[in-house]
Amino acid sequence: MKKMLILAGLLGAASPVFAADSALTTALATTPLHHAVSVALGTLPDSGAVDTTQHARPSDAPATSGAIPTLPVHPCAAPVVSDASATVSDASSALAIPACDGEHKPVSGAIDTDLDDTTSAAADTHDKGPHHQQGGKQAKQDATITATNDDTSAVEVTDGGSLTVTDSTVVSTGKSSKVKKSHEEGQNAGVLAKGASSVTLTDTTVTTTGTGADAVFAHGSKSKITLTDTTVSTSGTDSNGVVATSSATVTATDSDVTTTADDAAAVATTAASGTVKLKRVHLQTAGDDAPAIETTSTVTATDTTATTTGDAAVVVAEGNSTVTLKDSTLTGGHKKLGAIAIVADSTGSAATTSSAVSVTGGSVTATEGAAITVANVKADVKLKNVDVTADSGVLVKAAANAAFGVKGKNGAVATVTADSETLSGDLVADKLSTLSVTLKNGTELTGKVTNAALTLDDTSTWSVDGNSTLTTLTSTETSTATALDNIEGNGYTVTYDATQKANKWLKGKSYKLANGGKLTPKK
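Everything quoted here is computed from the prediction, not taken from an experiment. (Residues numbered from 1 in each chain as written. Predicted model: local features only at pLDDT ≥ 70, side-chain atom pairs only at ≥ 80, totals over all residues. Heavy atoms only, no water.)

Caption draft 1: Looking closely at the overall build of the protein. Of the regular secondary structure elements, the protein holds seven helices and 43 strands. Burial status across the protein gives 46% buried among its 523 residues. By sequence separation, contacts in the protein at least 24 residues apart represent 63% of the contacts at least 6 residues apart. Counting only carbon and sulfur atoms, one obtains 51% of the accessible surface of the protein, whose full area is about 22,800 Å². (Helix = DSSP H or I, 4+ residues; strand = E, 2+ residues; numbered from the N terminus. Buried < 20%, exposed > 50% of the residue type's maximum accessible area, 1.4 Å probe, protein only. Contact = heavy atoms within 4.5 Å. Areas by Shrake-Rupley, 256 points an atom, 1.4 Å probe, with all protein chains shown as cover.)

Following this line, the structure appears as structure tokens:
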């Protein structure tokens, strides 16, 4: 009954019962508006008579009469309905109090009183803590979104939700209690989309500082994150920049991704079938064991730069992965992994898993190790019109690596096709590995070949730069003499395995090479 009386007073209704209760009239005049509204709408309990002592009127205030008093209006309150015929539902609408900024001025746009609100809303400009959203469609603009607790994302969108963030700042300072969970499921990520949800970031910065704090993380089928003109950075160990996992997709355009600590890749796809697509993106890492790209599934990059100082620029791990690079610049190196490493941790033989790397245009520069390293995996590498260099002098190395697979079974099976290339460096395979290299469409190779199969078309050449051993030598030329014209010996000896069927055309004989040197069967 008292709730209805208070509501009637707020509506300005001339109720005989209300007018007769002068004490209640006085209570209304001395009770803060927000309290009266809360009681009227049922958001505060009705505890009986209204306390008139805590908010007592000053002694010099005029005494109240039977007339309904005029209540003060808070700058963020909606106007009180004065029409006596107004209904309770009208009052509920009229009493809605809009959001306020720090100066108690109304803020235009949607009301966001619950970080888990699932309703569609216009862009919210509030500065606040984390934004956690279950379903629905929301937008944030000129916002600062922060998370300071451990195992807490600054932005988390689930259950098919959709969030657009523009001209905003996202900061996470908490750490993960389980680093493995952070990499597999996005625990403690700066921005997390999962459960078939989507997040779009435009002109926004995302920063994390804790351990196990990946910055941008998409998890699960149909989950996706899109970045445009966005800056991503992490400074904690085990904190990747951009991650897609479990069939999720991340697309980045005209953006920057930087990590500064160890074990922190700029881009990573982990735990099965994530996809990352990059266009005009700058990737940079400064820590050890921190590649620019680390993938167990699919990454494509166009007009992208990737620079590392403590690891390979690209690590293709676990097999069954695909990396496609176009007009991109890679610079990095690792003593055992080189600039591009294609490896697998699995204990099976190399033939059980397969990965593919295609590089067209741009450049690959190995500051340490081989330009391309393959270990414990079957790999198909395609190079076309790309500048490939290695400070070590080794272009391709297919060899066992103690860090991958089982000793004695962890060699590589590598196939390399060089199309329209000018290559300077060595091609090397160990006794546990096989390396097959095809030169075509005017490709020029200058270097030494060790324990590899070499195929040249009639437009390609090999300038020998050290004594070499071939498993097989194949040419598209129809005659032996013409085929060998494409090889300049430069005074070195090249041996081949006469027992191999593919070498039958050489008839087990020795041949003089152009510019000195010879081709001879292995003894």
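Caption draft 2: The side chain of D311, seen in detail. Mapped onto the elements, D311 comes out in the loop between β21 (305-307) and β22 (314-316). Despite being buried, D311 has no salt bridge partner; K336 is the closest side chain of opposite charge, sitting 12 Å away. Other than its neighbours up to four places away in sequence, D311 contacts D289, A290, P291, G332, G333, H334 and L337. (Lys, Arg positive; Asp, Glu negative; His and termini not counted. Salt bridge = Lys/Arg side-chain N within 4 Å of Asp/Glu carboxyl O.)

Caption draft 3: Molecular detail of the sheet that holds strand β33 (residues 422-424). Strand order across the open sheet formed by four strands is β33-β36-β38-β40, with parallel pairing between neighbours. The open sheet terminates on both sides in strands that have one partner only, identified here as β33 and β40 (487-488). (Pairing = 2+ DSSP bridges.)

Caption draft 4: Local environment of the nonpolar core. Core analysis: the largest hydrophobic core is formed by 91 residues, its most contacted members being I225, L283, I342, L435 and W462. With four residues, strand β37 (residues 449-456) is the largest single contributor of residues to this core. Setting aside anything within four residues of it in sequence, one finds I342 in contact with V316, S355, V357, I372, T373, V374, A375, V377, A379 and V381. (Core = buried A, V, L, I, M, F, W, Y, C linked by side-chain atoms within 4.5 Å.)

Caption draft 5: Fine view of unusual backbone geometry. Positive phi outside glycine occurs at D254, with the angle close to 50 degrees. Relative to the elements of secondary structure, D254 occurs in the loop between β14 (249-253) and β15 (256-259). A positive phi is found at N385, a non-glycine position, where the angle reads about 50 degrees.

Caption draft 6: Layout of the pairing of strand β16 (residues 267-270). Pairing between strand β13 (residues 242-245) and β16: four bridges, direction parallel. Bridging from a neighbouring strand, V243 pairs with A268 of β16. When β16 meets strand β19 (residues 293-295), the two strands line up parallel, connected through three bridges. If you follow T269 over to β19, its bridge partner there is T295.

Caption draft 7: Molecular detail of the side chain of D419. Mapped onto the elements of the fold, D419 is located in strand β32 (residues 413-419). K384 provides the closest opposite charge to the buried, unpaired D419, separated from it by 4.2 Å. One polar contact links D419 to N441, side chain to side chain, over a distance of 2.9 Å. Aside from chain neighbours lying at most four places away, what touches D419 is L383, K384, N385, K440, N441 and T443. (Polar contact = N/O pair within 3.5 Å; in protein donor to acceptor, adjacent residues only side chain to side chain.)

Caption draft 8: Layout of the environment of L383. Looking at the secondary structure, you find L383 in strand β29 (residues 378-384). By relative accessible area, L383 is classed as buried at 6%. Remark: the alpha-carbon pair of L383 and D419, spanning 36 residues in sequence, is separated by 6.1 Å. Residues contacting L383, with those up to four places away along its chain left out, are V359, I372, V388, V416, T417, A418, D419 and E421.

Caption draft 9: Spatial organisation of the sheet that holds strand β24 (residues 329-332). Strand order across the open sheet formed by ten strands is β3-β6-β9-β12-β15-β18-β21-β24-β27-β30, with parallel pairing between neighbours. Either end of the sheet is taken by a strand with one partner, and the two such strands are β3 (144-147) and β30 (387-390). In this sheet, neighbouring strand axes are inclined to one another by 5 degrees on average, regardless of whether the strands run parallel or antiparallel. Relative to β30, strand β27 (residues 363-366) is paired through four bridges, and the arrangement is parallel. In the sheet register, S363 faces β30, and the bridge partner there is D387. (Axes fitted to C-alpha atoms, helices over the stretch in contact; angles between N-to-C directions.)

Caption draft 10: The arrangement of the pattern of salt bridges in detail. Counted according to the given criterion, the structure contains four salt bridges. With a closest N to O distance of 4.0 Å, E156 and K194 form a salt bridge. Taken together, the residues span a long stretch of sequence, with E156 in strand β4 (residues 155-158) and K194 in strand β7 (residues 191-194) at a distance of 38 residues. A relative accessible area of 21% places E156 in the partly exposed class. The exposure class assigned to K194 is partly exposed, which follows from its relative accessible area of 30%. D254 is paired through a salt bridge with R280; the nearest N and O atoms lie 2.6 Å apart. Here R280 lies in the loop between β17 (275-279) and β18 (282-285) and D254 lies in the loop between β14 and β15, a separation of 26 residues in the sequence.

Caption draft 11: Structural detail: the environment of G319. By the element assignment, G319 lies in the loop between β22 and β23 (322-326). Among all residues touching G319, those that are not within four sequence positions of it are T296, V343, A344, T353, S354, S355 and V377.

Caption draft 12: Region of interest: the pairing of strand β39 (residues 468-475). Pairing of β37 with β39 involves five bridges; the strand directions are parallel. Residue pairing for β39: L456 is matched across the bridge by S475.

Caption draft 13: Geometry of the environment of L427. Locating L427 in the fold gives a position in strand β34 (residues 426-429). Put simply, L427 and K448 are 21 residues apart on the chain and 6.4 Å apart in space, counted from C-alpha to C-alpha. Sequence-distant contacts of L427, defined by excluding residues within four places in its chain, comprise L395, V396, L435, V437, L445, K448, V449 and T450.

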